[in-house]
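A look at the structure
Chain by chain, the residues run as shown.
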Amino acid sequence: MSEATHEVTLLTRNGCGLCTTALDQLRPICAEFGIEVATLDVDEAAASDPSLRAEYGDRLPVVLLDGREHSYFDVDEPRLRADLAR
């Protein structure tokens, strides 16, 4: 395992089946790199930051790597592994 130098956040919505699948995929990948996946429900976050739901609300789940969009709907596992190894 390498030092955790990246941050992975999954933007989700309550009741989103694709979001649950994406989180299940992300956890073991990130664990290999010593990273814990953070989750952020865009509907809950909209109370203080409505721009999140406006930007991502129709295309969840979204994987953010270091605060930037990395993939959406599906986890791009090969690309994520390569980017986490950097």
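See the structure shown above.
These remarks concern the structure in this document. No experiment lies behind these values; they were computed from the predicted model shown.

**A few points about the pattern of salt bridges**
Per the counting criterion, the structure on display carries 8 salt bridges. Arg81 is the salt-bridge partner of Glu77, the closest N and O atoms lying 3.0 Å from each other. Note that Glu77 and Arg81 are positioned in helix H4 (residues 77–84) at a spacing of 4 residues, about one turn of the helix. Between Arg79 and Asp83 there is a salt bridge whose closest N-O contact spans 3.9 Å. Taken as a pair, Arg79 and Asp83 lie in helix H4 at a separation of 4 residues, close to a single helical turn. Asp83 sits in the buried class, given a relative accessible area of 13%. Through salt bridges with shared partners, one network takes in Arg13, Asp43 and Arg53.

Conventions and cut-offs
- Residues numbered from 1 in each chain as written.
- Predicted model: local features only at pLDDT ≥ 70, side-chain atom pairs only at ≥ 80, totals over all residues.
- Heavy atoms only, no water.
- Salt bridge = Lys/Arg side-chain N within 4 Å of Asp/Glu carboxyl O.
- Helix = DSSP H or I, 4+ residues; strand = E, 2+ residues; numbered from the N terminus.
- Buried < 20%, exposed > 50% of the residue type's maximum accessible area, 1.4 Å probe, protein only.

Don't take any of this as a statement about function, it's just geometry.
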